[in-house]
Amino acid sequence: MNTWLTIERLGLTEGSTRIIDDVSLSLAAQRTVVLGPNGAGKSTLLRLIHGLLHPSEGALRWAQPLSQAMVFQRPIMLRTTALANVVYGLKLKGHAKEVCQRRALDSLAHVGLEHLAQRPARLLSGGEQQRVALARVWALEPELLILDEPTASLDPASSREVERIINEIAASGTRILMTTHNLGQARRIAEEIVFIDRGRIAEQTPVAEFFTQPRTLAAQDFLQEEMP
Amino acid sequence: MTEFSDSFLTAWQLLAASDARLSAIVLLSLRVSLAATVIACVIGMPIGALLAVGRFPGRRVLIVLFNGLMGLPPVVVGLLVYLLLSRAGPLGQFGLLFSPTAMVIAQAVLVTPIVAALTRQVIADEWSEYREQLRSLGASRARAAATLLWDGRFSLSTAALAGFGRAIAEVGAVMIVGGNIDGVTRVMTTTIALETSKGDLPLALALGFILIAVVLAINAVAYAVRGWAERRWG
Amino acid sequence: MITRRLFCSALASLGLLAATASQAQERFVTVSSTTSTEQSGLFSHLLPIFEKASGIKLRVVALGTGQALDMARRGDADVVFVHDKAAEEKFIAEGYGVKRQEVMYNDFIVIGPKADPAKALGRDILEGLRRIEATKAPFVSRGDKSGTHAAELRYWKAAGVDLDKAKGPWYRDTGSGMGPALNTAASMNAYILADRGTWLSFKNRGDLGIIVEGDTKLFNQYGVILVNPAKHPHVKQADGQKFIDWVVSDAGQKAIADYKIGGEQLFFPNAKR
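Quick summary incoming for the structure in this document.

What counts as what
- Residues numbered from 1 in each chain as written.
- Chains lettered and ligands numbered in written order.
- Predicted model: local features only at pLDDT ≥ 70, side-chain atom pairs only at ≥ 80, totals over all residues.
- Heavy atoms only, no water.
- Buried < 20%, exposed > 50% of the residue type's maximum accessible area, 1.4 Å probe, protein only.
- Helix = DSSP H or I, 4+ residues; strand = E, 2+ residues; numbered from the N terminus.
- Pairing = 2+ DSSP bridges.
- Expected span 1.5 Å × (residues − 1).
- Contact = heavy atoms within 4.5 Å.
- Polar contact = N/O pair within 3.5 Å; in protein donor to acceptor, adjacent residues only side chain to side chain.
- Salt bridge = Lys/Arg side-chain N within 4 Å of Asp/Glu carboxyl O.
- Buried area = accessible area lost by both parts, 1.4 Å probe.
- Patch = residues over 30% accessible without salt bridge, like charges linked within 9 Å, V, L, I, M, F, W, Y side chains within 5 Å.
- Areas by Shrake-Rupley, 256 points an atom, 1.4 Å probe, with all protein chains shown as cover.
- Core = buried A, V, L, I, M, F, W, Y, C linked by side-chain atoms within 4.5 Å.
- Phe/Tyr/Trp six-rings, centres within 6.5 Å; stacked < 30°, edge-to-face > 60°.
- Axes fitted to C-alpha atoms, helices over the stretch in contact; angles between N-to-C directions.
- Parallel < 35°, antiparallel > 145°, perpendicular 65-115°, else oblique.
- Left-handed = near helix turned anticlockwise from the far one by under 90°.
- Nonpolar A, V, L, I, M, F, W, Y, C, P; charged D, E, K, R; others polar.

Residue and element names in this part refer to chain C. Counting buried positions over the 7 residues of strand 2 (residues 57-63) gives 6, a clear majority of the element. When strand 1 (residues 28-34) meets strand 2, the two strands line up parallel, connected through 7 bridges. Within strand 2, the residue paired with Ser32 across the bridge is Val61.

What follows is the structure, encoded as C-alpha cells:
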C-alpha cells in the first residue's frame, strides 16, 4: 500500500509539557499498532490524527481524504437501545432512516449482538458495550479506523472477541491504527509497529522484526518489561 | 408548641373534609407552577445545554449571568412582569394582568434561569464524558447539545424539580401579578400570606403543611420514576 | 425514537393544558380596594350577593389605598373602593376617576397593650396619641401610604406632634398591610391605629385590646369611583357602573349593614342619593 498519511514535525505542548515532540512519520501499512510506555503520548498522537486535538506545530498531510472513525478505551453508550446507539452514528452522517436501520442491524449482526439490539446499551457488559461501539463505527464503513486501547478494560474472552472483530473490519479493507497494552494482540494485528517514547518516535519497524530485534534501546527495555 | 399541633390538626381536618375551595386553590397552584416549569424547561434547558457545549463570545458572561439570576428576588420579577402587563405597560393591550396566565409568565421568568443554570452543570459534566465520542462521530455542537439533553433526561429531572419547587413556593411574584383574587388567582402561597395577615396563624401554618406535603409528594413520585427509568436505561 | 416523541408531546400537552385551562371568558369587573375590606371579610360577603343580583363577578385586588389608586391610574382596575378622601379627590382632579360616591364608613380604633403603659385608655384620639408620644410607648405604623397610614399621620399632626422630630425607636415604621402590622404590634406589645373591621376579624391578638374608640374624629369614610374611560378606554364602564349603582342602592347598603362578626356590625352604610 502507498503512504496514506505523512506527519510532518508534529508537536503538542500543554503548559510547559511537550506531549508530542517533533514527530515525523509516514504511514503506509494497512495495520499499524502504536506501542510505548504509559504516558509516552500514544493516545495523544491518535487524537491528533483523528482531529480531536489540534497540534501546536507541524502538519498532517493526507495522500487523499480518508473517512475515519474512532473507538475509545471506554465505550460511550447513549441511554437508549444498542440498536439506537448504532443508528445514531449513521444518522449523523445523514443517511436515510431505513438505511440507518438496516445497516445498524447488519452491523450488530457482524459483532454478534443482533439478539441484544433492543436492550438498553448501558446495561450491557463492558465487552458487549465495546462491541456495540465497534458496530457503531463498522456501520460507517470508515476508510481509517483508529482504536485507543480498545481491550484495556476487558476480560480475556471479550478481548479476543473484540480482536476478532477488528481483524474482520481490517479484512474489509479498512486501515487500522491502534494502540494496545497487549503485546500478543499487537503482534497478531499489526503489520508495522510505531514505537513512541516520551513524545518522540523511537522507531517504526515491521512487526516481526520489532519483536525479535528492536532497533532502539528504549524498545528493548519496553519489551523486556512487558514480556513475561 | 400547641400552635404546631393545632395546625397539624387543622391541616388534617382540611384534607379530610376535602374542602372544594381548598382543592381549587391547590389545583391552581399546581397548574400555574407546572405550566411555568414546563415553559422554563422548554426555554431554559436548550440555553443551558448550549452554554455547556457551545463556544461563542460572551459565553462566560452568560454563565455568570444565569448563575446570578438563580437568586432573582420574586418580588422584583413580579414587579417587572406587572409593569410589562399593566394596561399602561407595553403588553397592556392583552389584558393579562391579574390572570393565571400572568402568574405563569412571572414564575416562568423566575424559574428559567434556575433551570438553565442547573442544566448547564448537568450537561457540562456529560459533555466532558461524551465530548470526544460525539465529535468523533461528527456531531455539531448544536446536535451534541440536543443529544446530551435527551441523554441526560434523568439527571435533568432534578433541574426541573428545583424549578418547580421554587415556583410553587414563591409568593412575591404571584401576589403582585395575580393580585390574590379570590377564586381567580388565589394560590397556596398567597392564601397563606392572607391568612397570616388576618392573624389566623394556625390556619396559615396548616396551609403551609399542605403545601409542603404536595411538594414532597411530587418529589417522591419524580424520584421513584427517575429511579425506575435509571434502572431501565442505566 | 418513539419514546422521545411520546415524551416531548406529553410535555407539550401538559404545558398547554396547564396554561390554557380556565381561560374561559366570564363577565367580571376588577375592583382595586383596600386590605381592610378584604381582610375583614366584607368582600367575601358582598361578592356572591352582587353576582347573584347582576351575573357579574367581582375580582378584588386588595392593596393599601395609595397603591390601589396607583393601580387604577395605570388602568389596571375598573373601579376603586378605598378610604382616603383627600387622595380620592386628587385622583378625580387628575382625571383618572369619573366621580366619587360615598358608600359606608367604619371607624379607626387605637389598639394597644391591655396594661396601657401610656395611660391612653378612654381618651380622645389626639390626647391618646400625645400620651403615647410623651411616654415613648412602642407604636407601630403601617408606613405604606394606605388610607389608614394617611389617617394616622393626620391625627399626629392634629395632636400637635411633629413626627419628624419625635420619631425614635418607639415609633416602628413597618411598611406593611393592616394584618401584618397588627401581627407586629401583637408581638411587640405596641400601640397601633387600626380599622375596626380588620381588628374584629383579626385572630392573633396577644395581649392587645381596644384603647381608644368612639371619637367622632376616628370616622373612616369609604368611597367608590369608576375609573375614567376617557383615560383608559378598556375600562368596563357599564359593568363597573352597575357595581357602583348596586353598592349605593338599598340592596347593596343592606348587604353591607348585614355583615357582622360575632354579632358586631363592621361597616355602616351612608351612601347619599
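On to helix 5 (residues 156-171) of chain A. Residue and element names in this part refer to chain A. For helix 5, spanning 16 residues, the distance from its first C-alpha to its last is 22 Å, which sits close to the expected 22 Å at 1.5 Å a residue. Check the buried side of helix 5 and you find it contacts strand 3 (31-35), helix 4 (126-139), strand 6 (144-148), strand 7 (175-179) and helix 6 (183-189). Of the residues that open helix 5, the one with a side-chain oxygen 3.1 Å from the backbone nitrogen of Ala157 is Asp155. The positive-phi residue at the C-terminal boundary of helix 5 is Gly173, with phi of around 105°.

Quick look at the pattern of salt bridges now. Enumeration over the complete set of coordinates arrives at 41 salt bridges over all chains. Here Glu126 of chain B and Arg79 of chain A are joined by a salt bridge, their closest N and O atoms 2.9 Å apart. Taken together, the positions of Glu126 of chain B in helix 5 (residues 100-136) and Arg79 of chain A in the loop between strand 5 (68-71) and helix 2 (82-92) put the pair across two chains. Each member of the pair, Glu126 of chain B as well as Arg79 of chain A, is classed as buried. Here Asp144 of chain C makes a salt bridge to Arg142 of chain C, at a shortest N to O gap of 3.1 Å. Of the two residues, Asp144 of chain C and Arg142 of chain C, neither departs from the other in class, the shared state being buried. Bridged by salt links that share partners, the residues Arg18, Asp21, Glu57 and Arg200 of chain A form one connected network.

It is worth spelling out the interface of chain C and chain B at this point. On the side of chain B, 27 residues touch chain C, which itself brings 30 residues to the contact. For the pair chain C and chain B, the two sides together bury roughly 2,600 Å², of which 61% comes from carbon and sulfur. Linking chain C with chain B are 2 salt bridges. In this structure, Arg186 of chain B engages Glu38 of chain C in a salt bridge whose closest nitrogen and oxygen atoms are separated by 3.0 Å. Summed over the shared surface of chain C and chain B, the number is 11 residue pairs in polar contact (both at pLDDT 80 or more). Secondary structure elements with two or more residues in the side of chain C that touches chain B: helix 1 (2-20), helix 2 (35-39), strand 2 and helix 9 (178-188) of chain C. Among the elements that line the side of chain C that touches chain B, the one with the most residues is helix 1 of chain C, at 8 residues.

A contiguous nonpolar surface patch, about 400 Å² in accessible area, is contributed by Ile39, Val42 and Ile43 of chain B together with Phe7 and Leu11 of chain C. Secondary structure elements with two or more residues in the nonpolar patch: helix 2 (20-53) of chain B together with helix 1 of chain C. At 3 residues, helix 2 of chain B tops the list of elements feeding residues into the nonpolar patch. Within the secondary structure, Phe7 of chain C is located in helix 1.

Next up on the list: the nonpolar core. By size, the foremost hydrophobic cluster in this structure holds 75 residues, and its most contacted members are Leu35, Leu108, Leu134, Ile193 and Phe211 of chain A. Residue contacts for Phe211 of chain A: discarding those within four places in its chain leaves Leu35, Leu183, Ala186, Arg187, Ile193, Leu223 and Met227 of chain A. Val77 and Val177 of chain B together with Ile56 and Phe267 of chain C belong to the second-largest nonpolar core, a separate cluster that totals 66 residues.

Turning to the pairing of strand 1 (residues 5-14) of chain A, a few remarks are in order. Residues and elements named next belong to chain A. Judged from the 5 bridges that link them, strand 1 and strand 4 (residues 57-62) form a sheet pairing that is antiparallel. Within strand 4, the residue paired with Thr6 across the bridge is Arg61. Two elements, strand 1 and strand 2 (residues 17-27), share 7 bridges in a ladder whose sense is antiparallel. Residue pairing in the sheet places Thr13 in a bridge with Arg18 of strand 2. The hairpin turn running from strand 1 into strand 2, its antiparallel successor, is 2 residues long, and Gly15 in that turn takes a positive phi close to 65°.

Residue and element names in this part refer to chain C. Within this structure, the stated rule accounts for 21 aromatic pairs over all chains. Considering the side-chain rings of Phe139 and Tyr171, the 5.8 Å spacing of their centres and the 10° angle between planes classify their relative orientation as stacked. Placement of the pair is Phe139 in strand 5 (residues 139-141) and Tyr171 in strand 6 (residues 171-173), with a sequence separation of 32 residues. With relative accessibility at 7%, the residue Tyr171 sits in the buried group. Chaining the aromatic ring pairs together yields one cluster made of Phe43, Phe50, Phe81, Tyr222, Phe243, Trp246 and Phe267.

All names here are of chain C. Interaxial distance between helix 3 (residues 42-54) and helix 11 (residues 237-248) falls to 11 Å at its minimum, and their mutual angle equals 110°. Viewed along their axes, helix 3 and helix 11 adopt a mutual orientation that is roughly perpendicular. Viewed along their axes, helix 3 and helix 11 form a crossing whose handedness is right-handed. Residues Phe43, Leu46, Ile49, Phe50 and Ala53 of helix 3 touch helix 11, and the partners they reach there are Lys242, Phe243 and Trp246. Residues that form the contact of helix 3 with helix 11 fall into these classes: 7 nonpolar, no polar and 1 charged.

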